[in-house]
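Below, each chain spelled out in residue letters.
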4 protein chains.
Amino acid sequence: MIYLDTDYMAGAHPEVLAALNKTNMQHTPGYGDDEFTSLAEKKILEACNIPDGKVFFLVGGTQTNATVIDRILDRNDGVIAADTSHINVHEAGAIEAWGHKILTLPNHDGKLRANEIRDFIAEFYNDETYPHMVRPGMVYISFSTELGTIYSKSELLDIRKVCDEFNIPLYADGARLAYGLNAVGCDITLPELANICDVFYIGGTKCGTLFGEAVVTRHPDLLPRFISVMKLHGALLAKGRLLGIQFLTLFTDGLYDRIGKYGVELAMELKNLLLSKGFRQFINSPTNQQFFELPNPVIEKLRENVSFELWGAPGDKASKVRFVTSWSTPSNLISELEKYL
Amino acid sequence: MIYLDTDYMAGAHPEVLAALNKTNMQHTPGYGDDEFTSLAEKKILEACNIPDGKVFFLVGGTQTNATVIDRILDRNDGVIAADTSHINVHEAGAIEAWGHKILTLPNHDGKLRANEIRDFIAEFYNDETYPHMVRPGMVYISFSTELGTIYSKSELLDIRKVCDEFNIPLYADGARLAYGLNAVGCDITLPELANICDVFYIGGTKCGTLFGEAVVTRHPDLLPRFISVMKLHGALLAKGRLLGIQFLTLFTDGLYDRIGKYGVELAMELKNLLLSKGFRQFINSPTNQQFFELPNPVIEKLRENVSFELWGAPGDKASKVRFVTSWSTPSNLISELEKYL
Amino acid sequence: MIYLDTDYMAGAHPEVLAALNKTNMQHTPGYGDDEFTSLAEKKILEACNIPDGKVFFLVGGTQTNATVIDRILDRNDGVIAADTSHINVHEAGAIEAWGHKILTLPNHDGKLRANEIRDFIAEFYNDETYPHMVRPGMVYISFSTELGTIYSKSELLDIRKVCDEFNIPLYADGARLAYGLNAVGCDITLPELANICDVFYIGGTKCGTLFGEAVVTRHPDLLPRFISVMKLHGALLAKGRLLGIQFLTLFTDGLYDRIGKYGVELAMELKNLLLSKGFRQFINSPTNQQFFELPNPVIEKLRENVSFELWGAPGDKASKVRFVTSWSTPSNLISELEKYL
Amino acid sequence: MIYLDTDYMAGAHPEVLAALNKTNMQHTPGYGDDEFTSLAEKKILEACNIPDGKVFFLVGGTQTNATVIDRILDRNDGVIAADTSHINVHEAGAIEAWGHKILTLPNHDGKLRANEIRDFIAEFYNDETYPHMVRPGMVYISFSTELGTIYSKSELLDIRKVCDEFNIPLYADGARLAYGLNAVGCDITLPELANICDVFYIGGTKCGTLFGEAVVTRHPDLLPRFISVMKLHGALLAKGRLLGIQFLTLFTDGLYDRIGKYGVELAMELKNLLLSKGFRQFINSPTNQQFFELPNPVIEKLRENVSFELWGAPGDKASKVRFVTSWSTPSNLISELEKYL
């Protein structure tokens, strides 16, 4: 069976696991006060070219989003996000649970548009009743998005400009950052992203680690007393060094990029295969998620050997499906798929 | 100057104020443990024809919505509401502040539609990832709505049916209930409303009292330990008898209905006057709020003697405005308006 | 029957009610954007001698405490308070409901001691694990306290000094401020209090109004965007002018002081009467609350004509009781009491 | 260097790590919908002898406490706990952050006493103002406690009885459960504990896993829709099978007990060594935490080769220290210690 359901179905990348094995019996202080964590932070800040920045390591994506957003927003602020965004749809209300409204804007293939953000905020301040409304306090984007798409550099700079106009922070959810930065046509680098966003996180769970997300900021003042806030959110791992060790490995010998490239390459081969067979993609994604509409008999046959998700409710004759590759997808994916199509 | 900005610009209806004056020097226990409050509850339950129900008196609308919704919803539940609803737009995030997402559906002249509620909830349960999503835990409507419209009895019964299908409560915000129930064409009575909704509130602030909203339920089990939850929300008035006295007066000699009728009658005269002058109403409201588009010079001239709100940003040649009548609008409204139009 | 249960059993002081009557049919903007409210703020700032300060009007005490404390504290901060304090005992968990721990210290006749506050905070910062602990973020006191006692000026200045050492705000709950400032032996004035505290509130509910508490601060920066936060807390009264009118009256012709003096004078006469009869006071209170232990038969007889509260569980032969006077206590209190003792 | 600071300084027990290695490249569904997790649950329920129970796997202790307590308590409920308890002191306010007060009782060597719990709850219900107070909604204990002590079976049954009298759940924090159940003189078994408590958790982080705590309940109704609530708390691990694999290993071949026994045996040898040298223990702990007062020169010398924590501020001549053993403490601990004492 080949698993293309999602990108968190296997354990850790072998190099990451090896590092955990190698260090297992060492004793270190807890909560990230260890050498591995310090080194991992240093490596990440170098990779991002923000030497005065700060890195915090958390366990999972929902937890990271809730903790960062809760920390940044003032009591009556909300976060602007696409209606399709993970925080709006698939985090069980974790943002609202900490008291904050998500101010949704329509998505365009999963993305926000700078001018729509500007109009929304301007309209807020133009409304005389705005003290009775939720103030837009930050912008949340994801890179890549829920629909596998990525922002171009110019799109990001446009959003940055809006954030500067209204003096609110820009935060990027990088759960699939490795696959985003290595997407076909991506014209932005990690240091560029790190300098456009105020805060973002480098996803580990879907990109090679057992678990873990690295929050990066070039503005440490935006996250004051963040260790205490992480603790309060239940997001401070006792054996913090496990996060340090894993991210240190991801940022050694270019592993994070290798993982991203590998996943995307397989995804492009999969895309080409399906297009060559005449199937229709309903979203044109340059990353590790691929979205196709397949005839139901094709789906049925394929499912005998390949595991993947329906995207929404099944159709009468054809249905929408999603295929997700990752570092753990077998390299003989295409030859295997060809057998079952 | 005539004030048509909104319906909470004057003090209390003279009969209500007289009752406060008359009882002022009496000493009673606090927090609603007094005879006036008991009597007011009794009167309201009689008027609603739900003898086994329960009434709780709170101070203001946002507070009431936040307290009731917070009490009804389970931890990971959200409340279905129209995108234009007061809780979604003008309560500064009070619902989210207590941890709950508002699940918005598109409004139709301010109203929800039963079939769209049904589809939304059905889609939730059909999605395999629903444990990662916010569960629809109740339905919020308002009567009348933000746009001055009212639900017909059949529309309400359709929504009731959906609530029964999914076993979730229906809650109605009655900030302007007096004007809703006395609207032109309203085919529903207070007892009918009380038996269709699980919980609703009878608005006082906009309908004759200094302040105060009466939460009514035929299912006291839906609001367990509600006094403690009110206290925790800062919503339990020390001199609770003030609420009792005011609502007792509203439900004596049909005052609540008289107030509603008076406000609506003036609103209809105002509507007819403006229509007769050839002005366009952009919403056809049968209640005390009237929505017209007027040429800017007309607006300018009118404003010298009449106070009212623009509805949104001004237009180039004409702008949208809202006029609101109430029990405190002077009875010579029309003759005065005619002078300035 | 004479009512000495508590100080919020009657309506409003006649002068306050007269002002409400006089202004009842005027139309004004809502939410405190009216002239009465502006004037009341001006009067209060003059009375406090903090011309650059700011005043916000809320409805009730628990609501005020929750809103102010929630606004001042950062996410992982707690508030230092006496174990007997109102927020710790009788607000149904309203402070915690907004996410904040109450850090209790032992009370001394209802009061905190400066050196114990200092030791507590110092211990916090000396503990290496302090990022895992709740940071002391402000100090809450009440004036007068739950036990009817008041702080001396030197006690307050000592607490102020501790707050300055650790750079945290001092907040005073003034639910009974009129009776506190007019207590026997009180050596502090309203302007002094206003300049020692960072934020405090002037209680209306127990001191002459129907309802209402005026939050005063000489540091408006401590309460940024407070109107929005009040709205989010359900604490922004629609007919805000009702608060303005009432507080304007309280601060006209010295009414607030007259109310305080009257209540305290009756309390002292009551105290003297009971002491002269040989009864024991278990707290020596200089304010409008008096705490006595009375033989059970005395209590029984007295209760035929006087209403008051037991303080805790009844004893075998004697029980503790509390008597509370106020502006609404009849002036013939003592001659009446003498009949029934 | 020997590390006795705490019990989460190394990685995972070698058997646990081996299982993670062995399964690393397998693909499984996420969020605990995998076979390993099902098997782990089955094994744990068998070990607890509660076949109809339910197990949920979370990542860390603070997160687990916050999620369980938040799920069990009603809006205005608080949790009874010892003043020294982890939730009260070292979780940065995580319980309050979710809206709940901790109702503290004095500890007796870290433990609550049944009669003091009973008195506290009885006093609550006897107070006429109890609707204005925080209702005691559950009891929190830890096994072993922060001070290394354990409850006897009879002490637990007494607490159980109080919980039954007032119909509130009993919850045990088992962060160090392996060392508690294998303590010297422990007269209770895992099945007994599982049947006395309503909910408890089996600690992994300190007892052999990289991370992870297993919440166990014989009353699944107490934790309705718990997966959604975990998600909302940021406590649902994407690669849930990592928790399943680790706990499956802990409950295979008696590993959990072996870990507990090993840690306690070393602790007892350490205790005997220190007592034989004439040092004073200030708490007599039968578990893996040992508390001694040592002369400062002894501490200084020892610290050259042994790492451990001061317990509170250092003294003039002698200071209090804590030694903690675990599965990862080297077996030659005593011979090494003897060299440096």
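I will try to describe carefully the structure that is included in this document. (Residues numbered from 1 in each chain as written. Chains lettered and ligands numbered in written order. Predicted model: local features only at pLDDT ≥ 70, side-chain atom pairs only at ≥ 80, totals over all residues. Heavy atoms only, no water.)

A complete count under the given rule lists 76 salt bridges over all chains for this structure. Between Arg71(A) and Asp74(C) there is a salt bridge whose closest N-O contact spans 2.4 Å. Placement of Arg71(A) in helix H3 (residues 61–72) and of Asp74(C) in the loop between helix H3 (61–72) and strand S3 (77–82) is noted, with the two residues assigned to different chains. Taking relative accessible area as the criterion, Arg71(A) reaches 8% and is therefore assigned buried. Close ionic contact of Glu155(D) with Lys111(D) constitutes a salt bridge, the shortest N to O distance being 3.0 Å. Within this pair, whereas Glu155(D) is found in helix H7 (residues 153–166), its partner Lys111(D) is found in the loop between strand S4 (102–105) and helix H6 (114–126), the two being separated by 44 residues in sequence. Relative accessible area serves as the criterion here: at 31%, Glu155(D) is assigned to the partly exposed category. (Salt bridge = Lys/Arg side-chain N within 4 Å of Asp/Glu carboxyl O. Helix = DSSP H or I, 4+ residues; strand = E, 2+ residues; numbered from the N terminus. Buried < 20%, exposed > 50% of the residue type's maximum accessible area, 1.4 Å probe, protein only.)

Let us look at the interface of chain C and chain A. Across the boundary between the two partners, chain C contributes 18 residues, which contact 18 residues of chain A. Summed over both sides, the interface of chain C with chain A buries roughly 1,700 Å², with 47% coming from carbon and sulfur. Here chain C and chain A share 8 salt bridges between them. A salt bridge links Arg225(A) to Asp74(C), with the shortest nitrogen-to-oxygen separation between them at 3.3 Å. Applying the counting criterion to the chain C and chain A interface returns 14 residue pairs in polar contact (both at pLDDT 80 or more). Secondary-structure elements contributing two or more residues to the side of chain C that touches chain A are H3 and helix H10 (226–232) of chain C. When its residues are assigned to classes, the side of chain C that touches chain A shows 7 nonpolar, 3 polar and 8 charged. (Contact = heavy atoms within 4.5 Å. Buried area = accessible area lost by both parts, 1.4 Å probe. Polar contact = N/O pair within 3.5 Å; in protein donor to acceptor, adjacent residues only side chain to side chain. Nonpolar A, V, L, I, M, F, W, Y, C, P; charged D, E, K, R; others polar.)

Superposing chain C onto chain A takes a rotation of 180° combined with a translation of 0.0 Å along the rotation axis, leaving an RMSD of 0.0 Å. Such a turn and shift between the copies fits a two-fold axis. (Least-squares fit on C-alpha atoms with pLDDT ≥ 70 in both.)

Below, the discussion takes up the interface of chain D and chain A. Between chain D and chain A, the residue contacts involve 42 residues of the former and 43 residues of the latter. Summed over both sides, the interface of chain D with chain A buries roughly 3,800 Å², with 62% coming from carbon and sulfur. Together, Tyr8(D), His27(D) and Lys239(D) form the three largest contributors to the area buried by chain D at its contact with chain A, with a combined 19%. Remark: the boundary between chain D and chain A carries 0 salt bridges. Run the count over chain D and chain A and you get 25 residue pairs in polar contact (both at pLDDT 80 or more). At the level of secondary structure, the elements contributing two or more residues to the side of chain D that touches chain A comprise helix H1 (14–23), helix H3 (61–72), helix H5 (94–97), helix H10 (226–232) and helix H11 (241–250) of chain D. It is H10(D) that provides the largest number of residues to the side of chain D that touches chain A, a total of 3 residues. Residue classes in the side of chain D that touches chain A are distributed as 21 nonpolar, 17 polar and 4 charged.

This paragraph deals with the side chain of Asp7(B). All names here are of chain B. Here Asp7 lies in the loop between strand S1 (2–3) and helix H1 (14–23). Residue Asp7 is classed as buried on the basis of its relative accessible area of 2%. Side-chain polar atoms of Asp7 contact the side chain of Thr6, separated by 3.2 Å. Within the local environment of Asp7, its side chain forms a polar contact with the side chain of Arg176, the two groups lying 2.6 Å apart. Residue contacts for Asp7: discarding those within four places in its chain leaves Arg176, Tyr179, Thr205, Lys206, Asn288, Val324, Thr325 and Ser326.

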